[in-house]
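A closer look at the structure
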Amino acid sequence: MSVSKKKQKTAPPKKVQEPLVFEKSLADCTSPLLRAGLAGLYMSLSKIHSKKPANLNWTLTDDAVRIEAMDGSLKSFIWIVEQAYQCKEGVLYCPAIHDSTALDARRAHFHAGMIGTFLQHNLVQPRKKGPPRVTQLDDHEYQFNLLYINQKDIKYRRDAAEKLFVQKRGHPFAFANEIHLKGYVLPGAPPRFKHEVSWVGTVAEGLLMLFAPLACSFTEVEPQRGTWCVIVPRILNLKQFMRLHVMQTLSSKNIMAASPADAALLYMVESELSRAHMEYCEVYIIGRVAWNKNQQVRKGVLRVQVDDRRFQLYRKMRHTYFRNRMRAKKNDPTYWVATPLAAARVAENLVQNQRWYRHFAVPTGWHHDALERQRKAHHGGSIQKIWFQSISKFERKELIEFMNSGDDIWEKQEEKWFVEGFHQALSYHYAKEAEYAGRRGGARKIGERFEDLNDKIYRDITHAKTAEQLRKVISEFWARAGRPVAVREHMAELWKFLNADWQHARDLALVSLASFKSASSAFVAAIKEILESDTAQNFVNEVSKAKDQQSAENAFKVLWHELDEDKDTHKEDILSFIKKDWKKALERARKIIEQHAQDNASAAAS
């Protein structure tokens, strides 16, 4: 009798999990935002390399990123997103762009920019109010009013775990699968209707959209209304971009801009970006609009091309002259950042490839609301006049220095002659006004007369709407001044400029009016000049003996002999300043003499 052998059961072979591979290059990215996402992923992987798990490998090149999860686990990619977006003390911390977990101005500004743009809606990113945080900005205390978030509820980490890297039953995971994301990945572009989907793309593209903010820059343009500019560069080289992006430090220069064009040019110049690093950048302007009270939306999109000549002119204007200023708050130890109005207009013109002074006396659209509030508060006037007077009063010095900085700011030599002739005529009109005031007397002060004169010239120029009207205004203005030297010497060229470019001539006339050097500046310059001459001692003696108006005027007559023949207009400026207030002129002269003596003594001692 044979005994049957029982069949032995063998275990099925284990299924080998294939690696899960993500690979994208700049050539695969069809938009600047996707390219920014690839750069953000590149920077994040570079910074978290030391924490890399054993089952993860990645390769970074100048134009591509390849990530390989050896065990095929989706959790590996979730881990990358969790490392990229962290939260410390309620404020976002991203190793790709932040050097440390300590709360500095750069971290606070990035967090405020994210909450104001990508994560602005409370349903997307829950937040809570908290105490303001004070950090150092340009060696001053600057206060950030932040909305704080929770470490366990960061939207990017949530979507990575719940939407991007999810294994659905019956549908194998692939980076080519279609996925829907909320509108936060496209800042300021929410759907208008319920049936619309905010964003549709592949899982691979969705991963890049999560990392896009890390390669963007955020700048405020209307702090009172919460308007932000999200600057998205079109990146050409990942390694070079990372080096330039990390090197860019936050300061009062780039935390706030005067306009969206100013924000774009400021970013490109500050980052030292050129044609080798970037072709252009896109600016998403996100702020409040009348038809949407729930959230901020895109108020505009701007594309700024790289142009070396515009960069040079803008760098000179913005870095050397029209800079942001730190202003102290009243009854508060912290500071706020003030942006120059003239920089807004110049930047808008450069982006549109126009002459820098085009529409100089016309406010940009981003200042209309603030100017309208100012107009209502002062009960009258126009926003155009408030704009022009603000530049003339608060930015005159910077405008004068910029216009005297060299011939490279002018496209034609006639422009420089026009400004020179306009200033010479203004000097004559001011001197005549001072002479009439002294001869006629009256209740009006000389300062009020000068303001009325400026207002009349401003009205005449702005009311000239045709070439014929402008020619009449300018010709009468020069004729009453006896045709200044610059006008007589270049009469043919100036009239040709007026006829061919009358609109530019009108704008340039307003620039000349706003940049006219005050009589006090000419007075100071003349005294400093005579103190370096052979007759300095005689002038010092006369000034020290002066006791009344007559003796003061006699003392200052010494200045006339030291002025060159081509400085007759300076003589008229000085005369108007002295007649306006001889006591102030005498006091100013004595202070200059005293300072000059101290400087000479210090130089001799050294």
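See the structure shown above.
Since this is a predicted model, take the numbers as computed values, not measurements.

Glancing now at the sheet that holds strand β2 (residues 56–60). Ordered by their spatial adjacency, 3 strands build an open sheet running β1-β3-β2, and the pairing between neighbours is antiparallel. Here the strands that pair on one side only, and so sit at the sheet edges, are β1 (20–25) and β2. If you compare each strand with its neighbour and ignore which way they point, the axes differ by 5° on average. As judged from the 5 bridges shared by β2 and strand β3 (residues 64–69), these two strands associate in the antiparallel manner. The partner of T59 across the bridge, within β3, is R66.

Okay, the pairing of strand β12 (residues 217–222) next. The buried fraction of β12 amounts to 6 of the 6 residues, a majority that puts the element mostly inside the structure. Relative to strand β13 (residues 227–235), β12 is paired through 5 bridges, and the arrangement is antiparallel. The residue bridging S217 from the neighbouring strand is I231, located in β13.

Before going further, it helps to spend a moment on the packing of aromatic side chains. As enumerated under the stated definition, the model contains 25 aromatic pairs in all. Measuring from ring centre to ring centre gives 6.3 Å for Y85 and F211, while their planes differ by 50°; the resulting arrangement is tilted. In this pair, Y85 is assigned in the loop between α2 (75–84) and β4 (86–88) and F211 in helix α5 (residues 203–211), connecting sequence segments 126 residues apart. As far as the burial class goes, Y85 and F211 line up, both buried. Ring pairs connect the aromatic residues Y321, F322, W356, Y357, F402 and W410, which therefore count as one cluster. Lying over the aromatic face of W58, K52 brings its terminal NZ or CZ to 5.2 Å of the ring centre. The ring of Y280 has R303 lying over it, and the distance from NZ or CZ to the ring centre is 4.0 Å.

Inspection of the secondary structure assignment puts H423 in helix α13 (residues 413–440). Linking H423 and L513, residues 90 residues apart in sequence, is a C-alpha distance of 7.6 Å. Beyond its immediate stretch of four places on either side in the chain, H423 contacts S512, S515 and F516.

Right, let's talk about the nonpolar core for a bit. Among the nonpolar cores identified, the biggest contains 167 residues, and I67, Y156, F165, W356, F418 and F422 are the most heavily contacted of them. Ranked by residue count, the leading element in this core is helix α1 (residues 32–47), at 9 residues. Contact partners of W356, with chain neighbours within four places excluded, come to L313, R345, V346, N349, L399, F402, M403, I409, W410 and V511.

Looking now at the packing of helix α7 (residues 260–270) against helix α9 (residues 341–351). Two measures define how a pair of helices packs: the angle their axes make with one another and the distance between the axes. It is at 8 Å that the axes of α7 and α9 come closest, and there the two elements cross at 75°. With respect to their mutual orientation, α7 and α9 come out roughly perpendicular. Residues P260, A261, D262 and L265 of α7 form the contact with α9, whose participating residues are A343, A347, E348, L350 and V351.

Reading the values: rules and limits
- Residues numbered from 1 in each chain as written.
- Predicted model: local features only at pLDDT ≥ 70, side-chain atom pairs only at ≥ 80, totals over all residues.
- Heavy atoms only, no water.
- Pairing = 2+ DSSP bridges.
- Helix = DSSP H or I, 4+ residues; strand = E, 2+ residues; numbered from the N terminus.
- Axes fitted to C-alpha atoms, helices over the stretch in contact; angles between N-to-C directions.
- Buried < 20%, exposed > 50% of the residue type's maximum accessible area, 1.4 Å probe, protein only.
- Phe/Tyr/Trp six-rings, centres within 6.5 Å; stacked < 30°, edge-to-face > 60°.
- Lys NZ or Arg CZ within 6 Å of the ring centre and 35° of its normal.
- Contact = heavy atoms within 4.5 Å.
- Core = buried A, V, L, I, M, F, W, Y, C linked by side-chain atoms within 4.5 Å.
- Parallel < 35°, antiparallel > 145°, perpendicular 65-115°, else oblique.

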